[in-house]
Amino acid sequence: MRPVAEHAAAVAALLAPQPVETVELAAALGRVLAEDLASPVPLPPFSNSAMDGYAVRAADLDAVPVELPVAADVPAGRTDGPPLQPGTAHRIMTGAPLPEGADAVVQVEWTDAGTERVRIDRAVAEGQNVRRAGEDVTEGRVVLGAGTLLGPAQLGLAAAVGAGALPVRRRPRVLVLSTGSELVAPGEPLRHGQIHESNGPMLTAAVTDAGGSAELLRFVPDDVAAFTRTLDDALAAHADDPVDLVLTSGGVSAGAYEVVKDAFTGRGVEFSKVAMQPGMPQGLGRHRGPTGEVAVVTLPGNPVSSLVSFEVFVRPALRAAAGHPQAARPRVRARLAEPLDSPAGRRQFRRGSVDAVAGTVTPVGGPGSHLLAALARADCLIVVDEETTHLEAGETVEVWLLDG
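Residues numbered from 1 in each chain as written. Predicted model: local features only at pLDDT ≥ 70, side-chain atom pairs only at ≥ 80, totals over all residues. Heavy atoms only, no water.

1. Describing the overall build of the protein chain
Okay, so step 1: Looking only at helices and strands, the protein chain has 7 helices and 27 strands in total.
Okay, so step 2: Over its C-alpha atoms the protein chain spans a radius of gyration of 31 Å, topping by over 25% the 22 Å that the globule rule assigns to 404 residues.
Okay, so step 3: The buried share among the 404 residues of the protein chain stands at 45%.
Okay, so step 4: In the protein chain, the share of contacts with a sequence separation of at least 24, taken over all contacts with a separation of at least 6, comes to 71%.
Okay, so step 5: As displayed, the protein chain offers around 18400 Å² of accessible surface, 52% of which is attributable to carbon and sulfur atoms.
Okay, so step 6: Considering the protein chain, the positive charge centre built from 34 side chains and the negative charge centre built from 49 side chains are found 4 Å apart. (Helix = DSSP H or I, 4+ residues; strand = E, 2+ residues; numbered from the N terminus. Rg over C-alpha atoms; globule rule 2.2 N^0.38 Å. Buried < 20%, exposed > 50% of the residue type's maximum accessible area, 1.4 Å probe, protein only. Contact = heavy atoms within 4.5 Å. Areas by Shrake-Rupley, 256 points an atom, 1.4 Å probe, with all protein chains shown as cover. Lys, Arg positive; Asp, Glu negative; His and termini not counted. Charge placed at Lys NZ, Arg CZ, Asp CG, Glu CD.)

Following this line, the structure appears as structure tokens:
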């Protein structure tokens, strides 16, 4: 059987780095910055008040309490404030420009809050309660480097330096095909022998969560001609906006009615057994369709096998193609809370629940590839290498955190 690492490398090689596109800030959340962003302005762009209070000359408060005339009001946004004359104060709001001649701000709580004259009860030092121009960011400084994952704080910084749009890596476009004549849409009644289709919505969500752009095609029956026609029509519809990856689930095992395997064999996609549990039957390649070649990854049909295979092979490949600085899930070491068995010669990915405080991990459900409820309760994958067949409680294992 093919080693897990070898198959993962082959999947990653299918997807080239995504091209750069410029998007508005509102569309940039979760994207990866493609170029350095340098600030054309200092932050703050001008010295301003850190408090509601009174702009003063610190030297005028040598003997407190002191009463000063209030010569002006300086609200935030005022652009024409007069200079501060010695022996006077300006009432000032948080964020308002510090008047020329002022070197400190007295917070309003240290005064009687007067509007024409103000009594100041406590002295301040020069520079107190003042945000100096450029103390956060100097003009020309690179504030966000290429490869930065854009979260709320990063977008806030980009907006603060005046960037209305950003160059980012395009999201990989993924076409998700869900196959099986037994499948029925969620919400529709079932007849005997039918099941609600879960892989399509699950994998579409997984692609989106990984930073890709997913489109779901449902349902493709167990008929090679129908499968091929559906796929080719969908690819043709994307001729002007090409798909980066076709992702299928089901139809790749060794039995009859393996429509995906039958449709892709001889058309650029190879199938193999990978030394893992769950998820042994896998396929990948470049499909030769009517509009040219497109990368294809075929996953097994059992839902746990399908999502675990996505986590192991597809998610890191999508994230790497989109330029994410951390393509893999966060990995930690934890102690098993109970014994665990694993098949010889296969890398096992068991579902688990981590107790970060205790530093332990507990298996959730059994190893069966149909146990979707256990998968939904898990927050990690417990990884057991190919050489290990049994682990006792207390032994340390590798854990992939699914919430990171």
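So, next bit.
2. Remarks on the nonpolar core
Okay, so step 1: Counting residues in each nonpolar core, the largest one holds 36 residues, and the members touching the most others are Leu247, Phe310, Val314, Leu318 and Phe349.
Okay, so step 2: Breaking this core down by element, the ones donating at least two residues are α1 (4–14), β12 (173–179), α3 (199–209), β16 (245–249), β20 (292–299), α6 (303–321) and β25 (380–384).
Okay, so step 3: Take this core: its biggest share by element is 10 residues, from α6.
Okay, so step 4: Setting aside residues up to four positions removed in sequence, leucine 247 forms contacts with Val174, Leu175, Val176, Leu177, Leu203, Val207, Val297, Leu299, Phe310 and Val314. (Core = buried A, V, L, I, M, F, W, Y, C linked by side-chain atoms within 4.5 Å.)

3. A word on unusual backbone geometry
Okay, so step 1: In this structure, proline 44 follows leucine 43 across a cis peptide bond, with omega equal to -10 degrees.
Okay, so step 2: You can see proline 44 is positioned in the loop between β2 (37–38) and β3 (48–49).
Okay, so step 3: Looking along the chain, the bond that leaves valine 64 and enters proline 65 is cis, with omega of 5 degrees.
Okay, so step 4: Mapped onto the elements of the fold, proline 65 is located in the loop between β4 (53–56) and β5 (66–74).
Okay, so step 5: One non-glycine residue, asparagine 129, lies in the positive phi region at around 60 degrees.

4. What about the packing of α1 against α6?
Packed helices, taken two at a time, are described by the angle between their axes plus the distance between the axes.
Okay, so step 1: Interhelical geometry of α1 versus α6 gives an angle of 35 degrees and a closest axis separation of 9 Å. Seen along the crossing, α1 lies across α6 with a hand that is right-handed. Between α1, through Val4, His7, Ala8, Val11 and Ala12, and α6, the contact on the second element is made entirely by Val312, Phe313, Val314 and Ala317.
Okay, so step 2: Each residue belonging to the contact of α1 with α6 can be placed in one class, and the counts come to 8 nonpolar, 1 polar and no charged. (Axes fitted to C-alpha atoms, helices over the stretch in contact; angles between N-to-C directions. Left-handed = near helix turned anticlockwise from the far one by under 90°. Nonpolar A, V, L, I, M, F, W, Y, C, P; charged D, E, K, R; others polar.)

5. Here we look at the packing of aromatic side chains
Okay, so step 1: A full pass over the atoms with the stated rule returns 2 aromatic pairs.
Okay, so step 2: Ring geometry for phenylalanine 227 versus phenylalanine 264: centroids 5.5 Å apart, planes at 90 degrees, classification edge-to-face. In this pair, phenylalanine 227 sits in helix α4 (residues 224–237) while phenylalanine 264 sits in helix α5 (residues 259–264), placing the two residues 37 residues apart along the sequence. Of the two residues, phenylalanine 227 and phenylalanine 264, neither departs from the other in class, the shared state being buried.
Okay, so step 3: In this structure, arginine 122 packs its charged tip against the face of tryptophan 110, placed 3.9 Å from the ring centre. (Phe/Tyr/Trp six-rings, centres within 6.5 Å; stacked < 30°, edge-to-face > 60°. Lys NZ or Arg CZ within 6 Å of the ring centre and 35° of its normal.)

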